[in-house]
Amino acid sequence: MIIRSIELKDYRNYESLDLKFSEGVNIFYGDNAQGKTNILEAIFVSVTTKSHRGGRDRELIRFEQEEAHIRTLASRNSMDYQIDMHLHRMGSKGIAINGQKIRKASELIGLIKVVFFSPEDLSIIKDGPSARRRFIDIELCQLDQSYLYNLNQYNKVLLNRNKLLKDMVFDNSLGDSLEVWDAQLVKYGCKIIARRAEFIKELQDIIREIHFHLSGGKETLYLGYEPDVDVERFASKVRENRERDLKLKQTCTGPHKDDCLFSIGGCDIRRFGSQGQQHTAALALKLSEIELVKKVSHDTPVLLLDDVLSELDSSRQNYLLESMGEIQTIITCTGLEEFINRRVAVDKIFKVCNGVVSVEN
Ligand code: ATP
Ligand code: MG
């Protein structure tokens, strides 16, 4: 998969921008707060519909403007796709693919797959479970349309069930509706649990091998799924927890509480790993994402690296730079020294200065 170009209008600090990328390695460099990450973010938004930073759509619109536009040209299996996104300060965004307006985000998500790696991702191992769930969800939604559907349904049911639990404080006759939401919660929840288990299993072999190399052949990483509840017990646990849910006015059990374990030699590195071990595992996780996309979609994802090289030691940097060889990569950094010193083959260099981008080669 290749991102060929991107046009921005009133997006973050860009009044107007028109960029053409190389199919190889693209570097955006410049001082802090000039708009480098904003470009990667715009690419991420245009293929996943959401920002990697989280937050609301209106934050993406340039200050004091009412709307923003992103137009991305991408290709996959020799087919070209023009993705148009129109963000409004009020109301939801409009999306069109090749001029045809789409009704659901799911028609776009997964069409062009990207792997985004930023310094915050390095703490995914030591952060709380929600960061690891987010990782699983972003990956699986890109890879599997039915997972995306089931996750959306589950989140809606969860929201409605939690609302009902609050309403029941004032109106106990709503108990029948709770039965209906419970059944839906279990129905979609079980699909999510089963798919996550499969995903982690698939990822396990890939990450183990990559991690083994990254650690210089010294360590073997184990990645395991830690579901809050398994498929067989979900329905009965929802029943058992009903009183507790009513008291706390929220759903206490389900895949929205899942986690995954990272361990080395029986030691849980989420809690007991050194910073180096945690960073190595996080890097291995990102690199296995690339491999998994290749395996599942028989195509390469686009790699977006946001100022991540300076956070890694030289052997991990080398490993990352090697994996860029065969896939389109878009990198941001503050200086070019690392690339020059390492004689990295760079195809296109862009300088970013206060919302203006110039091509340097
Ligand atoms: P760093 O090297 O520090 O990561 P960066 O070049 O990646 O910097 P970005 O995060 O891309 O910087 O851009 C930050 C700039 O964008 C800031 O100056 C910020 O004020 C500006 N900015 C963010 N959102 C908006 C917006 N909605 N409208 C206008 N400007 C914005
Ligand atoms: Mg940045």
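For the structure itself, look to the data block above.
Residues numbered from 1 in each chain as written. Chains lettered and ligands numbered in written order. Predicted model: local features only at pLDDT ≥ 70, side-chain atom pairs only at ≥ 80, totals over all residues. Heavy atoms only, no water.

J.: I'd like a rundown of the packing of helix 4 (residues 175-214) against helix 8 (residues 275-297), residues and numbers included.
T.: Pairs of packed helices are described in terms of their axes, by the angle between the two and the distance that separates them. One way to put it is that helix 4 packs onto helix 8 with a least axis distance of 8 Å and a crossing angle of 125°. The angle between helix 4 and helix 8 places the two elements in the oblique class. Helix-helix and strand crossings are classified by hand; for helix 4 and helix 8 the assignment is right-handed. Of the residues in helix 8, those in contact with Phe199, Glu202, Leu203, Ile206, Ile207, Ile210, His211 and Leu214 of helix 4 are Thr280, Ala281, Leu283, Ala284, Leu285, Leu287, Ser288, Glu291, Leu292, Lys295 and Val296. When the residues that make up the contact of helix 4 with helix 8 are grouped by side-chain class, the tally is 13 nonpolar, 3 polar and 3 charged. (Axes fitted to C-alpha atoms, helices over the stretch in contact; angles between N-to-C directions. Helix = DSSP H or I, 4+ residues; strand = E, 2+ residues; numbered from the N terminus. Parallel < 35°, antiparallel > 145°, perpendicular 65-115°, else oblique. Left-handed = near helix turned anticlockwise from the far one by under 90°. Contact = heavy atoms within 4.5 Å. Nonpolar A, V, L, I, M, F, W, Y, C, P; charged D, E, K, R; others polar.)

J.: Run through the site of ligand 1, naming residues and quoting values.
T.: Neighbouring ligand 1 are 15 residues; Ala33, Lys36, Thr37, Asn38 and Arg53 lie closest to it. For ligand 1, an oxygen atom lies 2.8 Å from a polar atom in the side chain of Lys36. Coverage of ligand 1 by the protein amounts to 74% of the 660 Å² it exposes when considered alone. Residue composition of the shell around ligand 1, grouped by class: 3 nonpolar, 6 polar and 6 charged. (Near = heavy atom within 4 Å. Polar contact = N/O pair within 3.5 Å; in protein donor to acceptor, adjacent residues only side chain to side chain. Areas by Shrake-Rupley, 256 points an atom, 1.4 Å probe, with all protein chains shown as cover.)

J.: Give a detailed account of the sheet that holds strand 11 (residues 267-268), specifying residues and quantitative values.
T.: Across the sheet, 3 strands lie side by side as 9-10-11; this open sheet has antiparallel pairing. Of all strands in the sheet, those with a lone pairing partner are strand 9 (221-226) and strand 11, marking the two edges. (Pairing = 2+ DSSP bridges.)

J.: Pulling in residues and values, what's your account of the sheet that holds strand 3 (residues 25-29)?
T.: Read across the sheet, 6 strands follow the order 8-12-13-3-14-15 without closing on themselves; strand pairing throughout is mixed. Looking at which strands have only one partner, the edges of the open sheet turn out to be strand 8 (114-117) and strand 15 (356-359). If you compare each strand with its neighbour and ignore which way they point, the axes differ by 15° on average.

J.: How would you summarise the pairing of strand 2 (residues 14-20) if you had to cite specific residues and measurements?
T.: In this sheet, strand 2 lies alongside strand 1 (residues 2-11) in antiparallel orientation, the contact comprising 6 bridges. The partner of Ser5 across the bridge, within strand 2, is Lys20. Connecting strand 1 to the antiparallel partner strand 2 that follows it, the hairpin turn spans 2 residues, and Arg12 within it adopts a positive phi of roughly 45°.

J.: Got a sec to walk through the packing of aromatic side chains? Specific residues and values, please.
T.: Enumeration according to the criterion identifies 5 aromatic pairs in this entry. Note on Phe44 and Phe116: the rings are 5.5 Å apart at their centroids and 85° apart in plane angle, and the pair reads as edge-to-face. Here Phe44, found in helix 1 (residues 36-48), pairs with Phe116, found in strand 8; they are 72 residues apart in sequence, far enough to count as distant. For Phe44, a relative accessible area of 6% puts it in the buried group. Phe116 sits in the buried class, given a relative accessible area of 5%. Taken together, the ring pairs in this structure connect Phe21, Phe28 and Phe350 into an aromatic cluster. (Phe/Tyr/Trp six-rings, centres within 6.5 Å; stacked < 30°, edge-to-face > 60°. Buried < 20%, exposed > 50% of the residue type's maximum accessible area, 1.4 Å probe, protein only.)

J.: Quick rundown of the pattern of salt bridges? Include the residues and the values.
T.: Inspection of the entire model under this criterion finds 29 salt bridges. With its nearest N and O atoms 2.8 Å apart, the salt bridge here joins Asp268 to Arg271. Arg271 sits in the exposed class, given a relative accessible area of 59%. Three or more residues are tied together by salt bridges with common partners; here these are Arg132, Glu226, Asp259, Asp268, Arg270 and Arg271. (Salt bridge = Lys/Arg side-chain N within 4 Å of Asp/Glu carboxyl O.)

J.: I'd love a proper account of the nonpolar core, names of residues and values included.
T.: With 67 residues, the main nonpolar core has Phe199, Phe234 and Phe262 as its most contacted residues. Looking at which element gives the most residues to this core, the answer is helix 4, with 13 residues. If we skip the residues at most four places from it in the chain, Phe234 touches Tyr154, Leu185, Val186, Gly189, Cys190, Ile193, Val229, Thr253, Gly254 and Pro255. Core analysis: the second largest hydrophobic core is formed by 40 residues, Leu17, Ala74, Ile83 and Ile97 among them. (Core = buried A, V, L, I, M, F, W, Y, C linked by side-chain atoms within 4.5 Å.)

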